[in-house]
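Architecture at a glance
Given next are the chains, with one letter for each unit.
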Amino acid sequence: MLNVALPAIRADLGLSTGMLSGVVSAYVLGYGGFMLLGGRAADLLGHRRMFVSWLAASR
């Protein structure tokens, strides 16, 4: 999904092609961090409670 948006990001922000690797790295690090945070929250609060809360939040 990010690869499709990279040309628009480059044009909007005026970045060079080499700078786009920083955008991809930041996205991957942020995504991985939130995955770890969600997993830890599920361990502490319970998987079912987290699942139901995310279902309620997505409505």
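Scroll up to find the structure this text is about.
Here we summarise the structure given alongside this text.

Criteria and thresholds
- Residues numbered from 1 in each chain as written.
- Predicted model: local features only at pLDDT ≥ 70, side-chain atom pairs only at ≥ 80, totals over all residues.
- Heavy atoms only, no water.
- Axes fitted to C-alpha atoms, helices over the stretch in contact; angles between N-to-C directions.
- Helix = DSSP H or I, 4+ residues; strand = E, 2+ residues; numbered from the N terminus.
- Parallel < 35°, antiparallel > 145°, perpendicular 65-115°, else oblique.
- Left-handed = near helix turned anticlockwise from the far one by under 90°.
- Contact = heavy atoms within 4.5 Å.
- Nonpolar A, V, L, I, M, F, W, Y, C, P; charged D, E, K, R; others polar.
- Expected span 1.5 Å × (residues − 1).
- Phe/Tyr/Trp six-rings, centres within 6.5 Å; stacked < 30°, edge-to-face > 60°.
- Buried < 20%, exposed > 50% of the residue type's maximum accessible area, 1.4 Å probe, protein only.

Relative orientation of the contacting elements helix H1 (residues 2–13) and helix H2 (residues 20–45) amounts to 135 degrees, with a least axis distance of 11 Å. Here H2 runs oblique to H1, going by the angle between their axes. In this structure, the crossing between H1 and H2 has a hand that is right-handed. Contacts from Leu2, Leu6, Ile9 and Arg10 of H1 reach H2 at Leu20, Val23, Val24 and Tyr27. Split by residue class, the contact of H1 with H2 holds seven nonpolar, no polar and one charged.

So, about the packing of H2 against helix H3 (residues 47–57). In a pair of packed helices, the angle between the axes and the distance between the axes together describe the arrangement. Running from N to C, H2 and H3 cross one another at 120 degrees; their axes reach a closest spacing of 6 Å. When the interaxial angle is binned, H2 and H3 end up oblique. Residues Ala41, Ala42, Asp43 and Leu45 of H2 form the contact with H3, whose own contacting residues are His47, Arg49 and Met50. Here the residues of the contact of H2 with H3 are counted per class, giving four nonpolar, one polar and two charged.

A few words on H2. The end-to-end C-alpha distance of H2 is 37 Å, a good match for the 38 Å that 26 residues give at a rise of 1.5 Å each. Of the residues trailing H2, Gly46 is marked for its positive phi of about 105 degrees.

Time to look at the packing of aromatic side chains. One pass over the full model with this rule turns up one aromatic pair. Between Tyr27 and Tyr31, the aromatic rings sit 6.2 Å apart at their centres with planes inclined by 20 degrees, giving stacked as the arrangement. With Tyr27 and Tyr31 both in helix H2 and four residues apart, this pair spans about one turn of that helix. Owing to a relative accessible area of 40%, Tyr27 belongs among the partly exposed residues under this scheme.

Following the sequence through the fold, Gly18 ends up in the loop between H1 and H2. Gly18 sits in the exposed class, given a relative accessible area of 55%. Sequence separation of Gly18 and Ser58 is 40 residues, and the distance between their C-alpha atoms is 36 Å.

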